Amino acid sequence: MSAKYTVPLSKVMKELSLNVISMPCEPDEILISSMDVNRPGLELNGFYDFYDTTRILIFGNAESAFLNSISSQKRKDVLNAIFSQKPPAAIIARGLKPLPELLEAVRENSVPLLSTAETTSSLVAALVSFMNVELAPRITRHGVLVEVYGEGILLVGDSGVGKSETAIELIKRGHRLIADDAVTIKRVSAKSLVGEAPDNIKHFIELRGIGIINARRIFGMGAVKVSEKIDMVINLEIWDNQKIYDRMGIDSEFTEILGIKVPVLTIPVKPGRNLAIIIEVAAMNNRQKKMGYNAAEELLSNLGMDLSVMQETEKKLELNF
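The structure displayed is predicted, hence computed values, not measured ones.

Scoring rules and cut-offs
- Every residue gets a number counted from 1 within its own chain, in the order that chain's sequence is written.
- In view of the model being predicted, local features appear only for residues whose pLDDT reaches at least 70, and side-chain atom pairs are presented and counted only at 80 or more, with totals across whole chains, interfaces and linings using the full set of residues.
- Each side-chain value is derived from all of the structure's non-hydrogen atoms; neither hydrogens nor water enter the calculation.
- We call two strands paired when DSSP finds no fewer than two bridges between them.
- Helix and strand definitions follow DSSP, with helices as H or I runs of at least four residues and strands as E runs of at least two, each counted in order from the N terminus.
- A contact between two residues is defined here by any heavy atoms of the two lying within 4.5 Å.
- As a rule, the C-alpha atoms of each element are fitted with a line to give its axis, helices using only the stretch in contact, and angles between N-to-C directions run from 0 to 180 degrees.
- Using a 1.4 Å probe on the protein chains alone, a residue whose accessible area is under 20% of its type maximum counts as buried, one over 50% counts as exposed, and one in between counts as partly exposed.
- Here the aromatic set is Phe, Tyr and Trp, taking the six-membered ring for Trp, and pairing holds for ring centres within 6.5 Å; pairs whose planes are under 30 degrees apart are stacked, those over 60 apart are edge-to-face, and all others are tilted.
- By the criterion adopted, a ring carries a charge over it if an Arg CZ or a Lys NZ lies within 6 Å of its centre and within 35 degrees of its normal.

Trainee: Account for the pairing of strand 17 (residues 260-269), naming residues and giving values.
Mentor: In the sheet, strand 15 (residues 232-238) pairs with strand 17 via six bridges, with the strands oriented parallel. Along strand 17, the bridge assignment pairs I238 with V269. With four bridges joining them, strand 16 (residues 254-257) and strand 17 adopt antiparallel strand pairing. For T255, the partnering residue across the bridge sits in strand 17 and is V262.

Set out below in structure tokens:
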């Protein structure tokens, strides 16, 4: 999680459809490492105490108006002072025409200058959102990620338990594959995790007895997806007769991934159980719980039973077992 990630400027330009005004080198060689951007209001007034030189600079109406309000020589001095710190790039919003002093400063200091017709606020929002995903903390987990009824389900479990076979059955039932075997998980916000496949194994599935297949080629584009949020983790394990499995679903269990709690279910596997249907029901039930409905609670209420008493009884049974 402590690793420092970067994204090439060329990728930012493509994502935001930015136009080039000045480019000192190949944009692939310029790496961005900060999720934040900087509108240099304080810096234009000579205050550099918190000037983060790893951020992309954004020039909008306010910055342009200020620069137009000062003399040409002062503009030159101010802009040279800012760009001499070598920020990775600068973007002019609203399609504004760059001032001659700005062009001179970026060229002298070899800083890329780009432009867009988007408003400043829209540009900042899109750029920060994109960078949050590209530079997010991440880990790689062994498992299978599928989208089932709009819910991102991460299937985990021992090798050979049937994760890939279950994914194939889900695809045949109209759901979509995101990743098989290895899932790269990114923390894109304080509450959200997004999973995707490493580029070199994207859309491939390993089926014992058959070998490697390409899900996109066999089942079509509608069977795969590039990335998906992770709403639930399902742990598949071989049925253990000595273990008590949850039959009520009163208590919600969670696992922590990159500091975010995700609901987790343990589903025992044995011949005769249709895992694809069970996972479909689990996905729909998880969505209901997020919307505030719990079937177990309603059943206990209909039977006139106290939920807290049932929870205590379940805990005692588990301890005694």
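Trainee: With reference to specific residues and values, describe the sheet that holds strand 2 (residues 19-22).
Mentor: Spatially, 2-7-6-5-4 is the arrangement adopted by the five strands of the open sheet, whose pairing is mixed. With one partner strand each, in any of the chains shown, strand 2 and strand 4 (37-38) form the two edges of the open sheet. In this structure, strand 4 lies alongside strand 5 (residues 56-59), joined through two bridges in parallel fashion. Looking across to strand 5, one finds that N38 is bridged to L57. Its contacts with the sheet put helix 6 (residues 120-134) on strand 4, strand 5 and strand 6 (90-92), and the angle it makes with strand 5 is roughly 165°.

Trainee: Got a sec to walk through the sheet that holds strand 17? Specific residues and values, please.
Mentor: Pairing is mixed in the open sheet, where eight strands are placed in the order 14-11-10-8-9-15-17-16. This sheet does not close on itself; its edge strands, each paired only once, are strand 14 (227-229) and strand 16. Going across the sheet, the axis of each strand differs from the next one's by a mean of 40°, ignoring polarity. Of the strands in this sheet, strand 8 (138-148), strand 9 (151-157), strand 15 and strand 17 touch helix 9 (residues 275-290), which is tilted by about 130° from strand 9.

Trainee: I'd like to hear about the environment of L177, residue by residue, with values.
Mentor: Among the structural elements, L177 can be located in strand 10 (residues 176-187). Accessibility expressed as a relative area gives 1% for L177, which makes it buried. C-alpha of L177 to C-alpha of F204: the two residues are 27 residues apart in sequence and 9.5 Å apart in space. In contact with L177, other than residues within four places in its own chain, are V144, L145, V146, A167, I171, H203, I205, A215, A223, V224 and K225.

Trainee: Got a sec to walk through the packing of aromatic side chains? Specific residues and values, please.
Mentor: Within this structure, the stated rule accounts for three aromatic pairs. Taking the centre distance of 6.1 Å and the plane angle of 50° together, the rings of Y48 and Y51 count as tilted. Y51 gets classed as buried once you look at its relative accessible area, which sits at 12%. Plain terms: the ring middles of F59 and F83 are 6.2 Å apart, the flat faces sit at 20° to each other, and that makes the pair stacked. Residue F59 is found in strand 5, and its partner F83 is found in helix 4 (residues 72-83); the two are separated by 24 residues along the sequence. The buried category is assigned to F59, whose relative accessible area is 1%. A cation over a ring is seen here: K270 above W239, with NZ or CZ 4.0 Å from the ring centre.

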